[in-house]
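This is what each chain is made of:
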Amino acid sequence: MAKRHARKRSEKAGMSPGSAIAVGKRQLSDKTWISTTRYNVDKIEELTDVPLDQIGPDVPPTENLWINVDGVHDPELVQRIGQKFNLHALSIEDIVNTQIRPKQEDYGSYLVVMLRMILRTDKKAKGAKCFSTEHVAIILGQNWVITFQEQHSADVFEPIRTRLRGAMGKIRSCGADYLAYAIIDAIVDGYFEVLEELGEELEELESQVTNPESSPMLTEIHSTRNFGLFLRRYVWPVRDVLAGIERNESPLIQKSTRIFLRDVYDHAIEIMEMLEAYREMASGLMDLHLSAMSNRMNSVMMVLTTVTTIFMPLTFIAGVYGMNFTFMPELKWHYGYPSILLVMLSISLGMLVFFRRRRWI
Amino acid sequence: MAKRHARKRSEKAGMSPGSAIAVGKRQLSDKTWISTTRYNVDKIEELTDVPLDQIGPDVPPTENLWINVDGVHDPELVQRIGQKFNLHALSIEDIVNTQIRPKQEDYGSYLVVMLRMILRTDKKAKGAKCFSTEHVAIILGQNWVITFQEQHSADVFEPIRTRLRGAMGKIRSCGADYLAYAIIDAIVDGYFEVLEELGEELEELESQVTNPESSPMLTEIHSTRNFGLFLRRYVWPVRDVLAGIERNESPLIQKSTRIFLRDVYDHAIEIMEMLEAYREMASGLMDLHLSAMSNRMNSVMMVLTTVTTIFMPLTFIAGVYGMNFTFMPELKWHYGYPSILLVMLSISLGMLVFFRRRRWI
Amino acid sequence: MAKRHARKRSEKAGMSPGSAIAVGKRQLSDKTWISTTRYNVDKIEELTDVPLDQIGPDVPPTENLWINVDGVHDPELVQRIGQKFNLHALSIEDIVNTQIRPKQEDYGSYLVVMLRMILRTDKKAKGAKCFSTEHVAIILGQNWVITFQEQHSADVFEPIRTRLRGAMGKIRSCGADYLAYAIIDAIVDGYFEVLEELGEELEELESQVTNPESSPMLTEIHSTRNFGLFLRRYVWPVRDVLAGIERNESPLIQKSTRIFLRDVYDHAIEIMEMLEAYREMASGLMDLHLSAMSNRMNSVMMVLTTVTTIFMPLTFIAGVYGMNFTFMPELKWHYGYPSILLVMLSISLGMLVFFRRRRWI
Amino acid sequence: MAKRHARKRSEKAGMSPGSAIAVGKRQLSDKTWISTTRYNVDKIEELTDVPLDQIGPDVPPTENLWINVDGVHDPELVQRIGQKFNLHALSIEDIVNTQIRPKQEDYGSYLVVMLRMILRTDKKAKGAKCFSTEHVAIILGQNWVITFQEQHSADVFEPIRTRLRGAMGKIRSCGADYLAYAIIDAIVDGYFEVLEELGEELEELESQVTNPESSPMLTEIHSTRNFGLFLRRYVWPVRDVLAGIERNESPLIQKSTRIFLRDVYDHAIEIMEMLEAYREMASGLMDLHLSAMSNRMNSVMMVLTTVTTIFMPLTFIAGVYGMNFTFMPELKWHYGYPSILLVMLSISLGMLVFFRRRRWI
Amino acid sequence: MAKRHARKRSEKAGMSPGSAIAVGKRQLSDKTWISTTRYNVDKIEELTDVPLDQIGPDVPPTENLWINVDGVHDPELVQRIGQKFNLHALSIEDIVNTQIRPKQEDYGSYLVVMLRMILRTDKKAKGAKCFSTEHVAIILGQNWVITFQEQHSADVFEPIRTRLRGAMGKIRSCGADYLAYAIIDAIVDGYFEVLEELGEELEELESQVTNPESSPMLTEIHSTRNFGLFLRRYVWPVRDVLAGIERNESPLIQKSTRIFLRDVYDHAIEIMEMLEAYREMASGLMDLHLSAMSNRMNSVMMVLTTVTTIFMPLTFIAGVYGMNFTFMPELKWHYGYPSILLVMLSISLGMLVFFRRRRWI
């Protein structure tokens with residue numbers, strides 16, 4: 001997964017900075033969906049599939065505008081949006097680079113926050129496979145917010161839209177900075193779900209490992225660990241991003257919103273700690289698995305040794321009385337056969353007692 | 001255990017911040033118990049099961065008020081208390097989120113401290129199983145303290161109540177900040193008991209591992225390690241919480257109380273170091289266990305090899321004289337049988353000497 | 001690889017600082033190639049194989065000069081260039097030391113940046129072997145940049161030259177500091193390619209390790225890990241170098257260029273994180289491999305134990321009835337032979353059932 | 001060892017801060033020994049077994065007073081001393097808590113330093129067992145020093161007393177801060193001896209592990225490692241304590257004494273580094289031991305395989321000619337027996353050559 | 001090696017600080033060699049075996065004096081030198097303590113730098129054994145430098161003397177601070193040689209480990225690792241020492257010299273990184289070795305299992321037809337013997353095919 005990123009990146013090596021080459025897997029022919037939400041305390045107006053030339057930063061100061069762009073595979077279109085809103089070339093380069101590391105940057109007249117949204121794609125399936133990640137760029141201006149999503153699919157913003165429509169909480173009465181906070185919060189809260197799934201997978205693996213019946217699942221532990229590693233790539237920088245926004249003295253963010261950003265920051269810390277704990281659990285699981293296998297090997301060896309040690313002497317005795325020497329007095333003795341059987345029986349019983357004492361059987 | 005937390009959390013994803021949805025396992029029908037303690041140097045008045053409308057921040061400046069709320073599963077009730085004391089929406093969200101990470105926040109007119117109380121539930125039982133953890137939120141105002149507990153069960157505050165009643169120490173003559181300190185101190189001191197138990201479990205496991213008689217207890221080492229991991233989740237942030245309170249220049253905390261907070265901080269450091277030491281001990285134990293198992297395997301292999309090496313040649317010799325060739329002069333020889341038995345005896349004795357020299361037997 | 005460095009270094013021990021002894025593998029007889037690019041917004045003039053006496057820092061303020069020197073094996077020549085541009089003795093020592101650790105230094109009138117360029121030498125081959133590294137020293141003056149390369153071979157600067165020639169982007173309209181940025185950016189972006197290759201190798205190794213058919217490739221995992229270690233040596237310091245340049249308040253770097261340097265810094269962070277992730281993957285792979293081998297050993301042991309446990313008792317029974325006692329009633333019995341075969345059959349079937357239940361076969 | 005600490009601590013949970021409950025293992029009936037040393041450049045006066053009411057902080061400014069208290073098990077007595085010298089309740093709590101973590105605190109009119117003294121109890125015995133640790137509290141006032149020791153036994157202060165009596169060095173001409181430094185220095189220097197012993201134990205274990213003759217000593221490595229862990233608990237905080245004293249701008253410590261404290265600080269760093277190095281050595285030893293055991297297992301397996309591989313085919317051949325088929329032409333052949341012996345001999349020789357080539361024997 | 005240090009140190013425990021007791025292995029009777037070099041731009045005067053009373057800090061400001069003292073085993077002599085140059089008692093204690101950790105200290109009128117010189121003792125031998133380390137104390141005053149060496153043997157300063165004599169570089173025209181820099185640089189550069197050797201040893205060990213022919217060399221890997229650990233003890237503090245000197249605002253060091261000190265600092269960083277890389281290589285080697293041994297064990301087990309699995313059934317069949325039942329129809333059958341041989345052959349062929357498919361043989 002991490003590899004795919006790198007491969008795309010190197011295609012850009014040596015190019016002019018700010019050259020908006022889309023680093024992603026979608027074709028240019030795919031449509032880009034633009035939707036806008038314009039609201040203030042009193043009213044809300046939602047438009048979907050808005051043509052490019054109808055959007056712009058000319059919002060009256062009493063209103064807030066949220067533009068959501070689904071699809072950044074067409075660099076030219078993003079560049080044209082960028083020009084309308086006066087975005088720096090590097091911002092546009094970052095928006096279309098769908099593999100970018102989460103980061104935030106203050107360009108004076110606007111703030112850029114790049115995050116990675118984690119989405120459950122299959123509501124019924126279990127495990128890490130049913131999650132997909134998507135690059136989201138959030139641009140916060142004076143009284144507008146633009147969100148660029150990698151794909152026109154489900155997102156984690158539906159509850160925000162519901163709150164906007166229903167004027168729930170204070171979202172309608174606050175500025176664009178509060179909207180940006182709400183978006184960031186929704187993305188970060190979305191991490192909890194995938195972490196839960198990871199935690200459940202780990203617990204299931206743990207119960208499998210400690211259960212002697214179930215067969216060893218080494219590659220599953222490994223892949224769960226790798227999934228945690230992959231998540232970490234996108235989750236770790238989030239803390240720095242949020243700390244950066246919080247410390248940022250940009251006038252775009254009001255003081256009353258900062259306390260909410262501090263709350264998201266706390267969530268990010270919590271997520272990081274959960275991830276670290278899961279990582280330790282996964283590595284403990286690996287140890288446990290190796291040790292369980294070593295245990296099993298021990299018991300196999302004990303069976304082998306027990307069987308060999310009991311039957312080798314018996315077979316030897318049988319071999320001795322199978323020799324064809326002319327003069328072997330025991331062979332002629334009438335009770336030779338039963339006595340030798342008795343000897344054999346007592347040897348094997350002795351062995352069994354010995355092994356029982358050593359707790360091998 | 002950590003998993004349960006995550007699962008609950010994701011249910012809140014995307015919701016309006018400050019939406020007080022109880023993240024816990026109790027039903028709404030459970031009763032919430034409110035008790036108040038109003039005291040100053042001269043007098044003390046304790047009330048239990050106080051109705052909601054009789055509490056409020058209107059305490060005369062010469063008195064201190066401690067309100068203890070057992071049960072935060074009814075968000076509406078908590079919200080009403082919060083409104084009475086003018087608490088921020090985020091504070092209320094944190095109070096009802098019983099899975100929150102320990103933290104402290106300064107809201108100007110009041111301080112919030114979230115900790116996790118560790119309680120011994122079964123006085124007689126041993127081991128980590130007999131401990132339960134409970135979320136405690138401490139709100140420190142001008143001359144009042146509110147504590148929210150997750151459940152109406154035992155708590156670690158009994159000694160504080162005794163000191164209040166008996167006017168022991170300076171608790172009655174100090175302000176609400178000293179009471180808050182006493183509460184935090186009681187919670188932190190409660191960690192020592194569970195750490196002791198953890199230490200004792202580790203020592204017992206160690207004596208089991210080094211004892212060759214006792215059977216390997218891998219899963220127990222693992223679960224003890226995991227319990228340490230779980231504790232760490234709640235204990236580690238306590239240091240930052242206390243450092244934050246200490247550094248905090250809030251006028252709510254008097255200078256004379258800060259030296260006591262510094263003392264609790266030292267305890268938190270001590271607890272963290274004990275936890276780290278136990279963690280290293282647990283991982284050393286894992287190594288020791290693996291190595292003991294490897295040792296055991298070695299000795300099993302030596303038995304196997306010794307037995308095989310002694311009896312294989314003997315059986316072969318017996319096999320040779322069991323062959324049915326017509327012309328085998330030894331078979332006719334009168335002393336053939338005893339001589340071959342002698343040969344066999346000397347071979348096995350030689351082998352035994354060889355293995356004794358190699359210290360295998 | 002790391003070793004070669006050290007060996008060369010020790011030859012300089014105790015020498016006068018600034019003594020420009022070339023630490024490299026090329027002979028003095030090799031030619032040094034000097035090429036110059038002189039440009040401003042309006043025009044560009046490229047010269048190759050320029051004689052030493054035609055270069056100098058006397059560029060009109062409206063123009064920028066880029067001097068590229070291929071080959072630093074002739075210390076005298078580098079020293080003469082250094083004298084022309086007034087470079088400090090230590091700068092010259094660093095330029096000719098091709099094994100130096102990436103670093104940056106501000107000498108007031110000029111900045112020195114030492115990096116390591118990673119180049120793909122064989123476009124078709126796969127794996128780490130097809131990459132070579134080369135020492136590059138970048139000297140940024142008022143309106144000139146000098147780049148010293150270790151060898152006269154391919155470099156990663158071709159796209160920059162194309163942009164200069166084609167006046168693409170803003171490179172022609174910006175100052176020498178922007179050119180220096182473009183050069184650093186090209187070198188850092190070049191790391192992505194080798195990281196991709198490393199990632200692909202790791203994935204291939206992972207699929208081999210988890211495939212029970214393929215034979216273990218321990219030394220390959222080891223060498224991939226060592227390659228990552230080797231890369232780290234040159235990649236880690238890049239972050240500090242870039243942070244140093246960014247923090248540097250030198251008037252040689254304009255404010256508009258700093259935002260681009262910040263972007264390269266972000267790339268360096270990304271590269272470091274990829275490298276760390278690969279390192280963890282490699283060590284996880286090692287664990288996986290060891291565990292797969294342990295698994296295989298387990299199954300081998302189970303086959304051995306199964307075979308031994310089934311045939312040992314059978315052979316013993318056959319041995320018993322091969323004994324030559326005169327009085328063995330079973331031998332005379334007409335159904336003795338078939339009955340004993342039946343007994344043997346049931347023993348082996350019983351064993352098979354037993355092993356099947358234990359999931360050994 | 002660490003456990004014992006915790007168990008005692010929890011008994012204090014919830015108690016009033018500053019409640020001087022002795023956390024130790026001595027009985028109240030044990031006597032507390034107080035001795036005083038009053039000195040200046042000209043004279044010295046030593047008293048032992050001084051009654052409590054004869055001590056106090058009323059020393060003329062031209063003299064220094066050192067009060068040494070052996071035994072802190074009687075909290076009341078300590079409290080009375082504390083009241084005489086105006087000590088804070090928390091200081092007294094720390095003095096009687098013999099399990100406290102090393103720390104220093106500045107109470108304005110006096111400084112408190114808590115350290116752990118390590119003492120060799122048995123001069124002749126070897127190993128970690130012959131060391132005991134003791135809690136020491138050092139209180140530095142204007143011109144007096146009080147030292148509280150856990151027990152009335154040997155201490156590491158004898159050389160200081162000798163220097164005081166003999167007026168060696170500058171100890172008599174310096175103030176109480178120099179005396180406090182001398183005491184701290186003596187305690188810290190005492191750590192070197194136990195570290196030596198630890199180092200020697202590690203070297204002995206190393207020679208045992210690499211010696212194939214000696215039997216594996218896993219539990220000894222483990223216990224040595226644990227002892228290092230235990231030491232670390234008391235040694236690590238010493239660095240912070242000393243750094244704290246050094247940074248401390250208390251007028252109680254003169255500038256000329258600070259340079260000596262800096263020297264002790266360097267010793268503490270050195271001790272920490274030695275401890276870390278020993279820890280790495282111990283963990284390297286564990287690896288070495290495991291690997292040596294794995295080596296031994298390998299050689300056992302090779303013996304087993306060699307013996308089995310040689311004798312299995314021979315026994316099979318003997319078995320074949322032991323079959324009772326009526327028509328087996330070889331059996332009748334006169335040279336059958338010697339030829340088959342020859343075949344067996346050549347098979348076993350061939351096997352031996354094969355194993356010799358594989359370097360198994 | 002580390003142990004030896006500790007043992008000597010503890011002998012000083014409790015002694016008066018500044019008591020110049022030589023911590024080393026040389027006898028008092030050994031001679032101490034003093035040599036002086038007095039130079040300025042115009043002239044140089046070298047004297048060897050100078051009597052003690054002819055040296056002193058009274059050098060004319062236009063000249064620099066370098067005093068080199070070989071042998072610090074006679075504390076009295078060092079103390080007399082110290083008194084002449086007004087050195088602090090602690091400085092003298094540090095000079096004669098040949099086991100001290102590298103450090104630097106600013107005593108106002110002079111600077112002290114303690115380093116450890118690593119010297120190749122046997123030019124032809126290979127490996128870590130041919131290096132010895134020696135304590136060097138460098139005292140930098142106004143226009144004099146004193147170097148104290150542990151022994152009168154070879155040192156790494158010969159190139160500096162040559163440069164002084166030949167007036168090479170700027171050493172003669174610079175002040176005493178430049179001389180001190182040159183001495184520090186020579187010592188630090190000397191570390192490269194021992195690191196090379198370490199690197200070469202590691203590479204050789206690596207080729208041995210990956211070569212299946214060569215026998216395992218576990219103790220060698222271990223001792224190489226320990227040697228790296230030992231080096232680290234003396235190399236790590238060097239970074240702090242140099243950073244300390246650089247940050248130091250002492251007027252004894254001119255600004256022009258600081259840039260050179262910065263260069264030595266870079267070397268120290270480089271050395272530290274090499275050491276860390278070697279350490280990781282050594283631990284990777286240990287893993288590789290363990291894994292190679294595990295591999296070898298696997299192949300031994302496969303041989304054993306193959307042989308056992310093939311011959312056990314054959315031997316059993318032979319045993320069956322060796323039974324002495326009266327009624328065994330096959331025995332009478334004319335083609336019984338050849339048919340049974342055929343059966344045996346096909347069984348063994350089948351087994352071989354099976355093992356070939358499992359890639360065991």
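The coordinates are above.
Residues numbered from 1 in each chain as written. Chains lettered and ligands numbered in written order. Predicted model: local features only at pLDDT ≥ 70, side-chain atom pairs only at ≥ 80, totals over all residues. Heavy atoms only, no water.

1. Let's talk about the overall build of chain A
The helix and strand inventory of chain A stands at nine helices and seven strands. Per-residue burial for chain A yields a buried fraction of 61% across its 361 residues. Accessible surface for chain A amounts to roughly 14400 Å². Of this, 55% is attributable to carbon and sulfur atoms. (Helix = DSSP H or I, 4+ residues; strand = E, 2+ residues; numbered from the N terminus. Buried < 20%, exposed > 50% of the residue type's maximum accessible area, 1.4 Å probe, protein only. Areas by Shrake-Rupley, 256 points an atom, 1.4 Å probe, with all protein chains shown as cover.)

2. Quick look at the interface of chain A and chain B
Counting from both sides, the interface comprises 66 residues of chain A and, opposite them, 67 residues of chain B. Buried surface at the junction of chain A and chain B, both sides included, amounts to about 5600 Å², of which 63% is carbon and sulfur. Per-residue buried area on chain A facing chain B is highest for F316(A), F325(A) and F327(A); these three make up 12% of the total on that side. Between D287(A) and R225(B) there is a salt bridge, with the nearest N and O atoms lying 3.8 Å from each other. In this structure, the connection of chain A to chain B is made through 12 residue pairs in polar contact (both at pLDDT 80 or more). If you list the elements that add at least two residues to the side of chain A that touches chain B, you get helix 4 (158-166), helix 5 (176-210), helix 7 (255-320) and helix 8 (329-332) of chain A. (Contact = heavy atoms within 4.5 Å. Buried area = accessible area lost by both parts, 1.4 Å probe. Salt bridge = Lys/Arg side-chain N within 4 Å of Asp/Glu carboxyl O. Polar contact = N/O pair within 3.5 Å; in protein donor to acceptor, adjacent residues only side chain to side chain.)

3. Examining the packing of helix 7 (residues 255-320) of chain C against helix 9 (residues 336-357) of chain C
All names here are of chain C. For the pair helix 7 and helix 9, the least separation of the axes is 10 Å and the interaxial angle reads 160 degrees. Compared by their axis directions, helix 7 and helix 9 come out roughly antiparallel. The handedness of the crossing between helix 7 and helix 9 is right-handed. On the side of helix 7, the interface is formed by T305, T306, T309, I310, P313, L314, I317 and A318, while helix 9 contributes I340, V343, M344, I347, S348, M351, L352 and F355. Here the contact of helix 7 with helix 9 is built from residues that sort into 12 nonpolar, four polar and no charged. (Axes fitted to C-alpha atoms, helices over the stretch in contact; angles between N-to-C directions. Parallel < 35°, antiparallel > 145°, perpendicular 65-115°, else oblique. Left-handed = near helix turned anticlockwise from the far one by under 90°. Nonpolar A, V, L, I, M, F, W, Y, C, P; charged D, E, K, R; others polar.)

4. Section: the interface of chain D and chain B
Counting from both sides, the interface comprises 66 residues of chain D and, opposite them, 66 residues of chain B. Here chain D and chain B share an interface that buries about 5600 Å² over both sides, 63% of which is from carbon and sulfur atoms. Counting across the interface, chain D meets chain B through seven salt bridges. Looking at the side of chain D that touches chain B element by element, the count peaks at 18 residues for helix 7 (residues 255-320) of chain D. A breakdown of the residues in the side of chain D that touches chain B according to their chemical character gives 33 nonpolar, 16 polar and 17 charged.

5. A few points about unusual backbone geometry
In this structure, D49(B) is a non-glycine residue whose phi angle is positive, near 55 degrees. The residue D49(B) is located in the loop between strand 2 (44-47) and strand 3 (64-70) in this model.

6. Quick look at the sheet that holds strand 5 (residues 111-120) of chain B
All names here are of chain B. If you trace the seven strands from one edge of the open sheet to the other, you get 2-1-3-7-6-5-4, paired in mixed fashion. This sheet does not close on itself; its edge strands, each paired only once, are strand 2 and strand 4 (103-106). Here the strands of the sheet are splayed against their neighbours by 15 degrees on average, with no regard to which way each runs. (Pairing = 2+ DSSP bridges.)

7. Considering the environment of I259(A)
Residues and elements named next belong to chain A. The residue I259 is located in helix 7 in this model. A relative accessible area of 23% places I259 in the partly exposed class. Note: C-alpha distance between I259 and T306 (47 residues apart in sequence) is 70 Å.

8. Remarks on the relation of the copies chain D and chain B
Both copies of the chain are related by a screw-like operation: a rotation about an axis and a shift along it. When chain D is fitted to chain B, the best match, at an RMSD of 0.1 Å, comes from turning it 72 degrees and sliding it 0.2 Å along the axis. When the rotation and shift are considered jointly, the pair of chain copies conforms to a five-fold rotation axis. Nearest to the rotation axis, the C-alpha of G322(D) is located 4.8 Å from it, this being the minimum over chain D. Interface residue correspondence from chain D to chain B reaches only 17%, placing this contact among heterologous pairings that use different surfaces. (Least-squares fit on C-alpha atoms with pLDDT ≥ 70 in both.)

9. Here's the deal with the pattern of salt bridges
Summed over all chains, the structure comprises 110 salt bridges over all chains. Taking the shortest distance from any N to any O, the salt bridge between E193(B) and R120(B) comes out at 3.7 Å. Here R120(B) lies in strand 5 and E193(B) lies in helix 5 (residues 176-210), a separation of 73 residues in the sequence. Residue E193(B) is classed as partly exposed on the basis of its relative accessible area, which comes to 27%. In this structure, D155(D) and R161(D) form a salt bridge, with 3.1 Å as the shortest nitrogen-oxygen distance. Taken individually, D155(D) and R161(D) each receive the classification buried, so the pair is uniform in this respect. Residues participating in the shared-partner salt-bridge network are D94(A), K103(A), E105(A), R262(C), D263(C) and D266(C).

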